[in-house]
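Structural description and commentary
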Amino acid sequence: MIDLRSDTVTTPGDAMRHCMAQAEVGDDVYGEDPTVNRLETLCADMLGKKAALYCSSGTQSNLLALLSHCRRGDEYIVGQKAHTYRYEAGGAAVLGSIQPQPLDLEPDGTLDLEKVAQYIKPDDFHFAPTALLCLENTQGGKVLPMEYIEDARTFATARKLKFHLDGARIFNAAVKLNCPVTDITNHFDSVSVCLSKGLGAPVGSVLCASPELIQKARRWRKMLGGGMRQAGVLAAAGIYALENNIERLAMDHENATRLKEGLSDIQELDISPDSGQTNMVFVSTRGKGTGLSLFMKEKGILVSDEDDLRLVTHLDIGPEDIEKVIDVFKSFFSRSV
Ligand SMILES: *Cc1c(COP(=O)(O)O)cnc(C)c1O
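On a predicted model such as this, the values are computed, not experimentally measured, just so you know.

UniProt records the feature "domain: Aromatic amino acid beta-eliminating lyase/threonine aldolase" (unreviewed entry) at residues 3–284, using the numbering of this structure. In this annotation, residues 3–284 is assigned 42% helix and 16% strand; the end-to-end C-alpha distance for the span is 18 Å.

Shown next, in the form of structure tokens:
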């Protein structure tokens, strides 16, 4: 199956599984799993932070960051369509009593800093104290401009806000910009990165920040039931991913660009212009896609059953698969005309 629904669907190959099988392990709740410790050190170093914490998921990693930066009754500013706000089941509000202040994202995936400024609450007992600004990069497959991130850092510092990055796909952004990932991550107080997206590990995310913040996050992780024992078998996959699967993200981006190009020949489809910046292509069938997902499935291609499709490339999809996907899309629309 060519599965375009997400880059989370990748399965570990032989080399990654070999590392997992060979991993030295211990009880990580005692801090004694050498492989988890190695992953945390490696990831912290790569992202230019002093400490890191291995988490079960990106949802958990983001939640730990919010819980560690904010106190009960604080507020954080976040994009309407940001994962931390929209797709994490309201965890910050439910579990942390942290009030979200969502704002519409700009077309390039940024939050307009003038708008953010308007929503920062004055120091007055009527209001929840605004404590944190949260960005996402990539945001819907889009890479945030570097100058924007620099401006947002300056802004956050001036307004005494903590600054968190949901960097689930931060390596896609760095590969796209062809810059060291630290050029991006240095500007943030904390960064969450997913190992289980384009990097191809089966499980896990890492929160990177200062030792003080990570110490708090470790307590929250334990409270949330996220203290894992011989997690080194999983962390080994994460190490393999960080050591082998970053540069190749460029191929996913090329495949997405080719997919965008191929699908743009099909008149029935609306392709979002931001498609192919990294590994995502956004396609609207404008109501003409009834039966498309079933048709595709019969031909060995998985897409979500929606009018607006997000097609995601990843390490289990090669250039020949992309050609097949374009052909099958074309045959669907030539059939139904
Ligand atoms: C996938 C994702 C997460 C976290 O996802 P989990 O499925 O919980 O690991 C966070 N932010 C973004 C932008 C994501 O795409």
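Buried within helix α8 (residues 170–177) are the following residues: Ile170, Phe171, Asn172, Ala173 and Ala174. Each element contacted by the buried residues of α8 is listed here: α2 (34–47), β6 (162–166), α9 (181–185), β7 (190–194), α11 (232–244) and α12 (249–263). Asn178 lies just past α8 and shows a positive phi near 55 degrees.

Taken in spatial order, the seven strands line up as β2-β8-β7-β6-β5-β3-β4 in an open sheet, and their pairing is mixed. Of all the strands in the sheet, just β2 (51–55) and β4 (99–103) have a single pairing partner and so form its edges. Across the sheet, the axes of successive neighbouring strands diverge by a mean angle of 20 degrees, strand direction being ignored. Across three bridges, β6 lies against β7 in parallel orientation.

Residues Leu135, Phe171, Ile184 and Val206 are the most contacted members of the largest nonpolar core, which totals 51 residues. Here this core gets six residues from one element, more than from any other, and that element is helix α7 (residues 146–158). Residue contacts for Leu135: discarding those within four places in its chain leaves Leu111, Leu144, Tyr148, Ala152, Phe163, His164, Leu165, Asp166 and Phe188. Ranked by size, the runner-up nonpolar core spans 25 residues in total, among them Leu263, Leu269, Leu309 and Phe333.

Let us look at the layout of surface pockets. Empty space among the atoms becomes apparent when a probe as large as a water molecule is rolled across them. In this structure, the largest pocket occupies an estimated 1100 Å³ of space. Lining the largest pocket are 35 residues, with Lys81, Tyr87, Gly140, Phe282 and Arg310 sitting closest to its centre. Here the lining of the largest pocket is composed, by residue class, of nine nonpolar, 12 polar and 14 charged. Counting only domains with at least three residues in the lining of the largest pocket, you end up with domain 1 (14–244) and domain 2 (248–336).

The next point concerns a negative patch on the surface. On the surface, Glu147, Glu150, Asp151 and Asp183 cluster together into a patch of negative charge. Here the negative patch gets three residues from one element, more than from any other, and that element is α7. Note that Glu147 resides in helix α7.

Bringing the sheet that holds strand β12 (residues 308–312) into the picture now. What holds strands together in a sheet is hydrogen bonding between their backbones, with the strands either parallel or antiparallel. If you trace the three strands from one edge of the open sheet to the other, you get β9-β10-β12, paired in antiparallel fashion. Each edge of the open sheet is held by one strand with a lone partner, namely β9 (270–271) and β12. One ladder, built from two bridges, connects β9 with strand β10 (residues 280–284); its direction is antiparallel. Bridging across to β10, Ile271 finds its partner in Val283. Set on the sheet, α12 makes contact with β9, β10 and β12; between it and β10 the angle comes to about 20 degrees.

The pLDDT averaged across the protein chain works out to 97; a share of 99% of its residues lies at or above 70. Of all secondary-structure elements in the protein chain, the lowest mean pLDDT belongs to helix α14 (residues 319–336), at 93, while strand β8 (residues 205–209) reaches the highest, 99.

Around the ligand lies a shell formed by Ser57, Gly58, Thr59, Asn62, His83, Glu88, Glu136, Asp166, Ala168, Arg169, Cys194 and Lys197. Asp166 has a polar side-chain atom sitting 2.6 Å from a nitrogen atom of the ligand. A distance of 2.8 Å is found between an oxygen atom of the ligand and a side-chain nitrogen or oxygen belonging to Lys197. The element that contributes the greatest number of residues to the shell around the ligand is helix α3 (residues 58–69), accounting for three residues. For the shell around the ligand, a count of residues per class yields two nonpolar, five polar and five charged.

Residues annotated by UniProt as "modified residue: N6-(pyridoxal phosphate)lysine" (unreviewed entry) correspond here to Lys197. Looking at where Lys197 falls in the secondary structure, it is placed in the loop between β7 and β8. What makes Lys197 buried here is its relative accessible area of 13%. Setting aside residues up to four positions removed in sequence, Lys197 forms contacts with Asp7, Thr8, Thr10, Ala168 and Arg169.

What counts, and where the lines are drawn
- Residues numbered from 1 in each chain as written.
- Predicted model: local features only at pLDDT ≥ 70, side-chain atom pairs only at ≥ 80, totals over all residues.
- Heavy atoms only, no water.
- UniProt positions renumbered as here; feature names shortened; annotations may be inferred.
- Helix = DSSP H or I, 4+ residues; strand = E, 2+ residues; numbered from the N terminus.
- Buried < 20%, exposed > 50% of the residue type's maximum accessible area, 1.4 Å probe, protein only.
- Contact = heavy atoms within 4.5 Å.
- Pairing = 2+ DSSP bridges.
- Axes fitted to C-alpha atoms, helices over the stretch in contact; angles between N-to-C directions.
- Core = buried A, V, L, I, M, F, W, Y, C linked by side-chain atoms within 4.5 Å.
- 1 Å grid on protein atoms, 1.4 Å probe; cavity = no way out; pocket = protein on both sides within 12 Å on 5 of 7 lines; lining within 4 Å.
- Points joined across faces, edges and corners; volume = space filled by probe spheres on them.
- Nonpolar A, V, L, I, M, F, W, Y, C, P; charged D, E, K, R; others polar.
- Domains from an automatic or database assignment.
- Patch = residues over 30% accessible without salt bridge, like charges linked within 9 Å, V, L, I, M, F, W, Y side chains within 5 Å.
- Areas by Shrake-Rupley, 256 points an atom, 1.4 Å probe, with all protein chains shown as cover.
- Salt bridge = Lys/Arg side-chain N within 4 Å of Asp/Glu carboxyl O.
- Lys, Arg positive; Asp, Glu negative; His and termini not counted.
- Charge placed at Lys NZ, Arg CZ, Asp CG, Glu CD.
- pLDDT = per-residue confidence, 0-100.
- Near = heavy atom within 4 Å.
- Polar contact = N/O pair within 3.5 Å; in protein donor to acceptor, adjacent residues only side chain to side chain.

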